[in-house]
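Read off the chains here:
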Amino acid sequence: MKEILDAIQSPDSTPADFAALPLPESYRAITVHKDETEMFAGLQTRDKDPRKSIHLDDVPVPELGPGEALVAVMASSVNYNSVWTSIFEPLSTFGFLERYGRTNDLAKRHDLPYHIIGSDLAGVVLRTGPGVNAWKPGDEVVAHCLSVEMESSDGHNDTMLDPEQRIWGFETNFGGLAEVALVKSNQLMPKPGHLSWEEAAAPGLVNSTAYRQLVSRNGAAMKQGDNVLIWGASGGLGSYATQFALAGGANPICVVSSDQKADICRSMGAEAIIDRNAEDYKFWKDETTQDPKEWKRFGKRIRELTGGEDIDIVFEHPGRETFGASVFVTRKGGTITTCASTSGYMHEYDNRYLWMSLKRIIGSHFANYREAWEANRLIAKGKIHPTLSKVYSLEETGQAAYDVHRNLHQGKVGVLCLAPEAGLGVRDEEMRAKHIDAINRFRNI
Ligand SMILES: C/C=C/C(=O)SCCNC(=O)CCNC(=O)[C@H](O)C(C)(C)COP(=O)(O)OP(=O)(O)OC[C@H]1O[C@@H](n2cnc3c(N)ncnc32)[C@H](O)[C@@H]1OP(=O)(O)O
Ligand SMILES: NC(=O)C1=CN([C@@H]2O[C@H](COP(=O)(O)OP(=O)(O)OC[C@H]3O[C@@H](n4cnc5c(N)ncnc54)[C@H](OP(=O)(O)O)[C@@H]3O)[C@@H](O)[C@H]2O)C=CC1
């Protein structure tokens, strides 16, 4: 592994040098264990502690198949899907690995008693499998997390519709929170040169998801002037949705839960901000009853902030707790676009407000390769910036996941894998200097 790291850090290394490097037999990886899937049985979601289920193990390097690449991972990031994996909710991800393993001989590699998690990476290609022409050893890359087989016609208009669509590092093994990762070569994209490894690894999953959900025609197709209600506007998804709204000439109405988070949104350029804690919205009277008066109070507050207008697009992901309010505050003909249900997936809303006002609910999930590429291109051009706050070592990944689970973090949380320290890997200092304030906006808060 030291030889690999030396080659990555030497400005003189050539593709041939990388191709000649011997692969290590094993590498360090963040895992959850199949024999521990019941460890949190009986506990409330909030009390399930990722620090107990997340392990740092030595694992063998997987065999490389056709159309695949092995990547030396310099940095990765914590996504909420790794929190779900680590608390075995809504179900254990080992079921996904077993199901994938049953599809063909090569996929059997994924069905192991340990799951190497993580759905982001920035690093360097070490080896490519047969049939890979677009990438070569030594390429500096980021990887998006869409894994598809594309043997069915279903996915050929939109790869997200492939019946064998999986999220890498969640529904497949050999994820990015590790020193080496196995990806399909059509997950690779150029690493933005003006960013360090950990900055480049931070946006991938959430940036691509927010791009499809909000900007793409497959999502809400946001346009100039739209009022966009963004839940968790300084969180993982929300910090990118807010930037897309501002960069696209829309009007973000940012919902957050503290003064500090409101300040972050202001520093991104947002003006309309609602602190859901300070204003104490209680959309639910009890476990089973919502309070439409609270939806109305929320809608009134939005009208105050927009000069009397209602919401064109709701960027939804909290789910059960907020969905009734989200449907209510959307304007006639408006769109609620949802990609998650952090607070519960059995949503309840008053359907009269949906059909009588001709509103639409759009389900959105990650992004196809083209959407992920376009989202990464915006990062590379300095139009959208990483929202990296803290950086942890690989050993501290459990703590990093705990922070995200408990909503103690801001923006995105990074993890150094092979990178010995933060700040390495910048190739375009001039462009970096132009954007340095925006790049550092979330750092150490
Ligand atoms: C990029 C980052 C993303 C995120 O962070 S997203 C957040 C994290 N992700 C999640 O929380 C999602 C986790 N996944 C799940 O919870 C589950 O993954 C799903 C609920 C999405 C699906 O559950 P499943 O068990 O995989 O599928 P089924 O459809 O409930 O069960 C499969 C069986 O149901 C049959 N079936 C499917 N559709 C129909 C139909 N329309 N009519 C009749 N049967 C149907 C199938 O055939 C099959 O059957 P047979 O078990 O016998 O093989
Ligand atoms: N389908 C897909 O492709 C994807 C789905 N996801 C899913 O989306 C969800 C969010 O991910 P991500 O943004 O990365 O997570 P983060 O935790 O980084 O951000 C979510 C934000 O939502 C807000 N929030 C949390 N709970 C509630 C609540 N009950 N009511 C209102 N606001 C709430 C919080 O902000 P505040 O406290 O300031 O209000 C929090 O910071 C997760 O469930 C994740 O699995 C994520 C990426 C892709």
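What you are looking at is a predicted structure, and each value in this text was computed from that prediction instead of being measured.

Enquirer: Describe the packing of aromatic side chains, listing the residues and the values that go with them.
Expert: Under the defined criterion, the tally for this structure stands at 13 aromatic pairs. Summarising the aromatic geometry, the rings of Phe96 and Phe170 are spaced 5.6 Å apart at their centres and angled 50° between planes, so their arrangement reads as tilted. Taken as a pair, Phe96 in helix H5 (residues 94-101) and Phe170 in the loop between strand E8 (166-167) and strand E9 (180-184) lie far apart in primary sequence, 74 residues in all. Look at Tyr281 and Phe283: their rings are 5.8 Å apart centre to centre, the planes differ by 10°, and that puts the pair in the stacked class. Of the two residues, Tyr281 and Phe283, neither departs from the other in class, the shared state being buried. An aromatic cluster of at least three residues, connected via ring pairs, comprises Trp231, Tyr281, Phe283 and Phe298.

Enquirer: Let's hear about the site of ligand 1: which residues, and what values?
Expert: If you check the shell around ligand 1, you find Asn81, Trp84, Pro90, Leu91, Phe96, Arg99, Ile167, Phe170, Leu205 and His365 and nothing else. Between ligand 1 and the protein, one listed contact pairs an oxygen atom with a side-chain N or O atom of Arg99 at 3.0 Å. In isolation ligand 1 exposes 1100 Å². Once the protein is present, 34% of that is buried. Contributions of two or more residues to the shell around ligand 1 are made by helix H4 (80-86) and H5. Per-class residue counts for the shell around ligand 1 are 7 nonpolar, 2 polar and 1 charged.

Enquirer: Give me the lowdown on the UniProt feature "domain: Enoyl reductase (ER)" (unreviewed entry) in the protein chain, citing residues and values where you can.
Expert: Mapped onto this structure's residue numbering, the UniProt feature "domain: Enoyl reductase (ER)" (unreviewed entry) falls at residues 49-415. Taken end to end, residues 49-415 is 30% helix and 25% strand, and its first and last C-alpha atoms sit 18 Å apart.

Enquirer: Can you explain the site of ligand 2? Please cite residues and give values.
Expert: Of all residues adjacent to ligand 2, which total 26 residues, the nearest are Ser257, Arg276, Thr342, Phe366 and His409. Between Ser257 and ligand 2, the recorded distance is 2.6 Å, taken from a side-chain N or O atom to an oxygen atom. Protein coverage of the free-state accessible area of ligand 2, which is 910 Å², stands at 90%. For the shell around ligand 2, the secondary structure elements donating two or more residues are H4, helix H7 (204-215), helix H8 (236-247) and helix H11 (320-329). Tallying contributions element by element places H7 first for the shell around ligand 2, with 3 residues. Its residues assigned to classes, the shell around ligand 2 shows 11 nonpolar, 12 polar and 3 charged.

Enquirer: If you had to explain the sheet that holds strand E4 (residues 114-116) to someone new, which residues and values would you point to?
Expert: Strand order in this open sheet of 3 strands is E2-E1-E4, and the pairing throughout is antiparallel. Taken across any chain shown, the strands that pair with only one partner, and hence form the sheet edges, are strand E2 (55-60) and E4. For this sheet, the mean inter-axis angle between neighbouring strands, taken without regard to orientation, is 60°. When strand E1 (residues 26-33) meets E2, the two strands line up antiparallel, connected through 6 bridges. Within E2, the residue paired with Ala29 across the bridge is Asp57. Along the sheet face, H5 touches E1 and E4 and points at about 95° away from the line of E4.

Calculation criteria
Residues numbered from 1 in each chain as written. Chains lettered and ligands numbered in written order. Predicted model: local features only at pLDDT ≥ 70, side-chain atom pairs only at ≥ 80, totals over all residues. Heavy atoms only, no water. Phe/Tyr/Trp six-rings, centres within 6.5 Å; stacked < 30°, edge-to-face > 60°. Helix = DSSP H or I, 4+ residues; strand = E, 2+ residues; numbered from the N terminus. Buried < 20%, exposed > 50% of the residue type's maximum accessible area, 1.4 Å probe, protein only. Near = heavy atom within 4 Å. Polar contact = N/O pair within 3.5 Å; in protein donor to acceptor, adjacent residues only side chain to side chain. Areas by Shrake-Rupley, 256 points an atom, 1.4 Å probe, with all protein chains shown as cover. Nonpolar A, V, L, I, M, F, W, Y, C, P; charged D, E, K, R; others polar. UniProt positions renumbered as here; feature names shortened; annotations may be inferred. Pairing = 2+ DSSP bridges. Axes fitted to C-alpha atoms, helices over the stretch in contact; angles between N-to-C directions. Contact = heavy atoms within 4.5 Å.

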